[in-house]
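Single-letter residue listing:
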Amino acid sequence: MELAELVARRPFPAAGLLLGLTRRCPLRCAHCSTGSDLFTREEPDAGQLAFFVGSFTEEDRPDVVMLTGGEPLLLPALVERLSTSARGAGSRTALLSGMFFVRPGGRRSRRGTAVPPAILRAIRSVDHFSASLDIHHEREVPRADVFRALHRIRDEGVAVSFHLTGTGASDPYLAGLTRAVDEEFGGRVPCLVNEVRPFGRAAAWAGAARTGPDPAAASPCSMAAWPVVAFDGRVLACCNQDTVDRRPAPAHLDLGHIGADDWATVRRRALESPVLRMLRTVGPAHLAARYGSGPPTGSYCEGCRALGGDEKAAAGARAVAGGAAGALLDLTAAVRGSREGAQGVVRRHGCAAYAPLVVTGAPLLPEGGVRAAGREAR
Ligand code: SF4
Ligand code: SF4
């Protein structure tokens, strides 16, 4: 499964599932919004994760399961178990790693960086592997070793990509890094390029939340489409890290718990909730302004979280987005969001200037910018 295929599914509610396997991570990136370190033990119960993924069926399953963290490859046997189980039902899995296993002092082979056998087995079991690289990661993991490891993983036949982060289109670091990836892999490895934002890595796969509420305008939230399994096993409708971490979870964003609920139940709640449909189609500020018990206050997401106890907003959502009409509204918004494919998703939610890189073979100008047309294969 290539990166573009995965990203193109992002606008469709419950087409994907984000699984945070652990909050632990051996790296200490300055911008880590999941607050991960080697000593943080928060992680869902492995048996409950296996139960939840085991509840997928061929008829009712997410198309894509994203394994993330923290560092999911600290649990290689669990990765293998979950991805094998998901694949049995027809889901495909993708894994995002910070590449801790290529740090200096790690095992090396004659070809360069060695991927430890248990980790390589786990990587072979997924359908897509993505490596994080940015200025903070590069302080801990050498770029050249990450590149060598990616070559090794590609040699195994696993589709790979980079998840790159910088400060924006004019960031010289990002221009240099994308050029280096292009030169190293001949334009054959796609990149998802995001701008640094105060959200977790799962959110970076998903798109950013807005900042200021604009009650007059409909401003849909794209982060309320794929359910997220948090580090305590609770399932949230949203991948904003502040919301994922908040307890109790706001009622309208709480989809259940992997210890008690199966995928079919979580998916039904995600798809059928009138409030979630309204968040995905017009956004929280518009819902609060039009139907809520008071004007929205605070940031975009603070206004959304406050909707949890707002009965008037819930009644308004039921009236507008309940039943078959609401389902159609939801689907129409998703189809609109997917019209320009993966590049359109990145243009709206990632670093727009680098959106073509989400597709393998997208072109780079010599100075690091991105051309509009396709490149010739090398
Ligand atoms: S940003 Fe990623 S790799 Fe870095 S500390 Fe956080 S989880 Fe680990
Ligand atoms: S808190 Fe609400 S508005 Fe913010 S990202 Fe989550 S679902 Fe969207």
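Anything mentioned here points back to the structure above.
The model shown is predicted, which means the values in this text are computed figures rather than measured ones.

A. How the structure looks around the packing of helix α3 (residues 76-88) against helix α4 (residues 117-124). Contact pair α3 / α4: the axes reach a minimum separation of 8 Å and the direction vectors enclose 15°. Taken as axis vectors, α3 and α4 run roughly parallel relative to one another. Here α3 runs over α4; the crossing is left-handed. Mapping the contact onto sequence places P76, V79, E80 and R87 in α3 and A118, I119, R121, A122 and R124 in α4.

B. Seen up close, the site of ligand 2. The immediate surroundings of ligand 2 are formed by C221, M223, A224, C238, N240, T243, L253, P284, Y300, C301 and C304. For the shell around ligand 2, the element with the most residues is helix α12 (residues 300-305), which contributes 3 residues. Classifying every residue of the shell around ligand 2 by side-chain character gives 9 nonpolar, 2 polar and no charged.

C. Highlighting the packing of aromatic side chains. All chains considered together, the criterion is met by 7 aromatic pairs. Arranged with centres 6.4 Å apart and planes meeting at 75°, the rings of F52 and F56 form a pair that is edge-to-face. This pair shows no difference in class: F52 is buried, exactly as F56 is. Taken together, a centroid distance of 5.5 Å and an interplanar angle of 80° make the contact between F147 and F185 edge-to-face. Pair noted here: F147 is in helix α5 (residues 143-155) and F185 is in helix α6 (residues 172-185), with a separation of 38 residues, a long-range link. F185 shares its class with F147; the two are buried.

D. Focus on the nonpolar core. By size, the foremost hydrophobic cluster in this structure holds 103 residues, and its most contacted members are L19, L73, M99, F101, I123, F129 and F162. Among the elements that make up this core, the one with the highest residue count is α6 (7 residues). Non-local contacts of I123, meaning those with residues more than four positions away in its chain, are made with L73, F101, V115, F129, I153 and V158. Listed in part, the 9 residues of the second largest apolar core include L3, A4, V7 and V358.

E. Fine view of the pattern of salt bridges. Tallying each qualifying case throughout the model produces 18 salt bridges. R267 serves as the salt-bridge partner of D60, at 3.7 Å between the closest nitrogen and oxygen. With a gap of 207 residues between them, D60 in the loop between α2 (46-54) and β2 (64-69) and R267 in helix α9 (residues 263-272) connect regions that are remote in the sequence. Residue classification places D60 among the buried residues on the basis of a relative accessible area of 19%. Given a relative accessible area of 30%, R267 falls into the partly exposed group. Between D63 and R61 there is a salt bridge, with its nearest N and O atoms 3.1 Å apart. Using a relative accessible area of 23% as the deciding quantity, one classes D63 as partly exposed. Assessed through its relative accessible area of 25%, R61 is described here as partly exposed.

Rules behind the numbers
Residues numbered from 1 in each chain as written. Chains lettered and ligands numbered in written order. Predicted model: local features only at pLDDT ≥ 70, side-chain atom pairs only at ≥ 80, totals over all residues. Heavy atoms only, no water. Axes fitted to C-alpha atoms, helices over the stretch in contact; angles between N-to-C directions. Helix = DSSP H or I, 4+ residues; strand = E, 2+ residues; numbered from the N terminus. Parallel < 35°, antiparallel > 145°, perpendicular 65-115°, else oblique. Left-handed = near helix turned anticlockwise from the far one by under 90°. Contact = heavy atoms within 4.5 Å. Near = heavy atom within 4 Å. Nonpolar A, V, L, I, M, F, W, Y, C, P; charged D, E, K, R; others polar. Phe/Tyr/Trp six-rings, centres within 6.5 Å; stacked < 30°, edge-to-face > 60°. Buried < 20%, exposed > 50% of the residue type's maximum accessible area, 1.4 Å probe, protein only. Core = buried A, V, L, I, M, F, W, Y, C linked by side-chain atoms within 4.5 Å. Salt bridge = Lys/Arg side-chain N within 4 Å of Asp/Glu carboxyl O.

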